[in-house]
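Structural description and commentary
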Amino acid sequence: METLTGRVKAILLEPRTTWKEVDTEFTKPGAVWGRYVFPLASLGALARTIGMIIFGKQVALTSLTNPVPLTTAIVSGVVVLVVAILSVFILSKIISLLAPGFGGQANDVQALKAAAYSSTAAWIGSVFALLPALNLVSVLVSLYSVVLLYLGLPIVMKVPKDRAMGYTAVVIIVAIVIFVIGQAVISG
């Protein structure tokens, strides 16, 4: 696997080519978790923690913020990190579980790669959580993760072209549900 920044740049700017590379590379799950998921998922957690310490927490449906105690900011950051990691875990299991139903291969490692690398845009977008007023920008940037998932799923999970659209649509719906639940937990 290439460097973290190299893979991030590649998956965001050249997703079709990168997904083909991801499909053929031998990667252990621990490497994906330790060298990719955890560092990138930590971006949003750190941004949210620092943002809450400096700016406070945004009041829903307003541009106002309320100051928060340091412990609240830290707990919020931990929650963001746990939700991000759990989201990848759950999505990867669903991706692997659904693949055979669409003619693909159940493969937990390939499914982990699909869930992890498609989440890249969401994690990069999460840095906007530093400024509470930019939370919407974070959500909008995260939508590119849906495109990444759409492009990568059929490749890494070996779903035949004639069934790839249905498989991808079902997984994207599940991913959106996971994202919405995660955002609800984080906003909590």
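Summary of the structure given here. Note that this is a predicted model, so its numbers are computed, not measured.

**Structural notes on the environment of L131**
By the secondary structure assignment, L131 is in the loop between α6 (120-125) and α7 (135-142). Given a relative accessible area of 34%, L131 falls into the partly exposed group. For the pair L131 and P15, spaced 116 residues apart in sequence, the C-alpha separation works out to 28 Å.

**A word on the side chain of S138**
Inspection of the secondary structure puts S138 in helix α7. Every residue in contact with S138, bar those within four places of it in the chain, is listed here: G125, S126 and F128.

**Here we look at the side chain of K113**
Looking at the element boundaries, K113 is found in helix α5 (residues 108-118). Of the side chains with opposite charge, E25 comes closest to the buried, unpaired K113, at an N-O distance of 5.1 Å. Within the structure, K113 has its side chain in polar contact with the backbone oxygen of E25 (distance 2.9 Å). Discounting residues that sit within four places of it in the chain, K113 has contacts with W19, V22, D23, E25, T27, V32 and S118.

**Topic: unusual backbone geometry**
Its identity as a non-glycine residue notwithstanding, K158 has a phi of 60°, on the positive side. With respect to the helices and strands, the residue K158 is situated in the loop between α8 (144-156) and α9 (161-187).

**Here's the deal with the environment of W33**
Inspection of the secondary structure puts W33 in helix α3 (residues 29-55). The exposure class assigned to W33 is partly exposed, which follows from its relative accessible area of 24%. Spatially, the C-alpha atom of W33 lies 8.7 Å from that of I85, the residues being 52 residues apart in sequence. If we skip the residues at most four places from it in the chain, W33 touches F38, P39, I85, V88, F89 and L112.

**Digging into the packing of helix α2 (residues 15-24) against α8**
A pair of packed helices is captured by two measures, namely the crossing angle of their axes and the spacing between those axes. It is at 9 Å that the axes of α2 and α8 come closest, and there the two elements cross at 45°. Taken together, the axis directions place α2 and α8 in an arrangement best described as oblique. Seen along the crossing, α2 lies across α8 with a hand that is right-handed. Contact residues: α2 offers P15, R16, W19, K20, V22 and D23, while α8 offers Y144, L148, L151, G152, I155 and V156. Class assignment of the residues belonging to the contact of α2 with α8 gives a composition of eight nonpolar, one polar and three charged.

**Focus on the pattern of salt bridges**
All chains considered together, the criterion is met by three salt bridges. Note that E25 is salt-bridged to R7, the shortest N-O span being 2.9 Å. Within this pair, whereas E25 is found in the loop between α2 and α3, its partner R7 is found in helix α1 (residues 4-13), the two being separated by 18 residues in sequence. Among the residues examined, R7 registers a relative accessible area of 1% and is labelled buried. With a shortest N-O distance of 3.6 Å, K93 and D108 are connected by a salt bridge. Of this pair, K93 sits in helix α4 (residues 70-98) while D108 sits in helix α5, and the two are 15 residues apart along the sequence. Assessed through its relative accessible area of 36%, K93 is described here as partly exposed.

Reading the values: the criteria
Residues numbered from 1 in each chain as written. Predicted model: local features only at pLDDT ≥ 70, side-chain atom pairs only at ≥ 80, totals over all residues. Heavy atoms only, no water. Helix = DSSP H or I, 4+ residues; strand = E, 2+ residues; numbered from the N terminus. Buried < 20%, exposed > 50% of the residue type's maximum accessible area, 1.4 Å probe, protein only. Contact = heavy atoms within 4.5 Å. Lys, Arg positive; Asp, Glu negative; His and termini not counted. Salt bridge = Lys/Arg side-chain N within 4 Å of Asp/Glu carboxyl O. Polar contact = N/O pair within 3.5 Å; in protein donor to acceptor, adjacent residues only side chain to side chain. Axes fitted to C-alpha atoms, helices over the stretch in contact; angles between N-to-C directions. Parallel < 35°, antiparallel > 145°, perpendicular 65-115°, else oblique. Left-handed = near helix turned anticlockwise from the far one by under 90°. Nonpolar A, V, L, I, M, F, W, Y, C, P; charged D, E, K, R; others polar.

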